[in-house]
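Close look at the chain arrangement
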Amino acid sequence: LKNFVQRKSAWVSQETLYGYLKTRMGTKYVLMFEDEIFLESINKAKWNIYSVCLQDLTLYCLSYLKNKYSFNQVNHAQNIVQDILTEEKLNGMPSEVIEKSKSDFADRIDKIQWSEYYSNLPFENSGYALYKWAPIADELKRLDKKIVLNSIHLKWENIKKEFSNLINL
């Protein structure tokens, strides 16, 4: 489960972030990767979006398993996310992002309704993280909000199907 959460969260966060940047920048997309300041913005966005994706997918998977298969190991959620974050530190994830993610996740776990989470907008937070952190001018983001949120929603729909198929083998 940890491997699935880690790989799919990375895929969704990168696909949606880089896809949004490429769409918004058009032909200047490649040139922007020569700008050190812009690269720092992308890196910051990438880690922050990914950390929320990890949280969303972990909660989704465990909520789904609990409700569909009476899987009562939801207490492992914290361990899954903390293990992944520890590994990502070795990949350059900033300590402040890791600590904020751990804190935010602990708050989310305290409030989660396990019986409802998987079926009640489980990936809303990662959608708003993409919207918030993407290094795009605010006036342009406001125009793109619906499209950006729909883009990540569609990626998550594919992951939900993949997860369902994987556990039903």
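Inside soluble globular proteins, nonpolar side chains tend to come together where they are buried. Of all hydrophobic cores here, the largest spans 48 residues; its most connected members are Leu-17, Leu-21, Leu-57, Tyr-60 and Trp-156. Going through the elements one at a time, α1 (2-25), α3 (36-69), α4 (77-90), α5 (95-111), α6 (124-133) and α7 (138-167) are the ones with two or more residues in this core. By residue number, the principal contributor to this core is α3, which donates 15 residues. Residues in contact with Leu-57, not counting those within four places in the same chain, are Phe-4, Val-5, Lys-8, Ser-9, Phe-123, Trp-156 and Ile-159.

This part is about the state of the cysteines. Tallied over the entire structure, the rule returns zero disulfides. With no disulfide partner, Cys-53 has as its closest neighbouring cysteine sulfur the one in Cys-61, 12 Å distant. A relative accessible area of 0% places Cys-53 in the buried class. Assessed through its relative accessible area of 0%, Cys-61 is described here as buried.

Before going further, it helps to spend a moment on unusual backbone geometry. Here the phi dihedral of Leu-121 falls at roughly 50°; this positive angle occurs in a residue that is not glycine. Assignment of secondary structure puts Leu-121 in the loop between α5 and α6. Its relative accessible area of 57% is what places Leu-121 among the exposed residues.

What the rule picks out here adds up to six salt bridges. Arg-24 is the partner of Asp-144 in a salt bridge, and the nearest nitrogen-oxygen pair spans 2.7 Å. In this pair, Asp-144 is assigned in helix α7 and Arg-24 in helix α1, connecting sequence segments 120 residues apart. Classification of Asp-144 as buried rests on a relative accessible area of 10%. With a shortest N-O distance of 2.6 Å, Arg-108 and Asp-56 are connected by a salt bridge. Highlighted residues: Arg-108 in helix α5 and Asp-56 in helix α3, separated in sequence by 52 residues. A single burial state applies to Arg-108 and to Asp-56, both of which are buried.

Thresholds, definitions, all that
Residues numbered from 1 in each chain as written. Predicted model: local features only at pLDDT ≥ 70, side-chain atom pairs only at ≥ 80, totals over all residues. Heavy atoms only, no water. Core = buried A, V, L, I, M, F, W, Y, C linked by side-chain atoms within 4.5 Å. Buried < 20%, exposed > 50% of the residue type's maximum accessible area, 1.4 Å probe, protein only. Helix = DSSP H or I, 4+ residues; strand = E, 2+ residues; numbered from the N terminus. Contact = heavy atoms within 4.5 Å. Disulfide = S-S within 2.5 Å. Salt bridge = Lys/Arg side-chain N within 4 Å of Asp/Glu carboxyl O.

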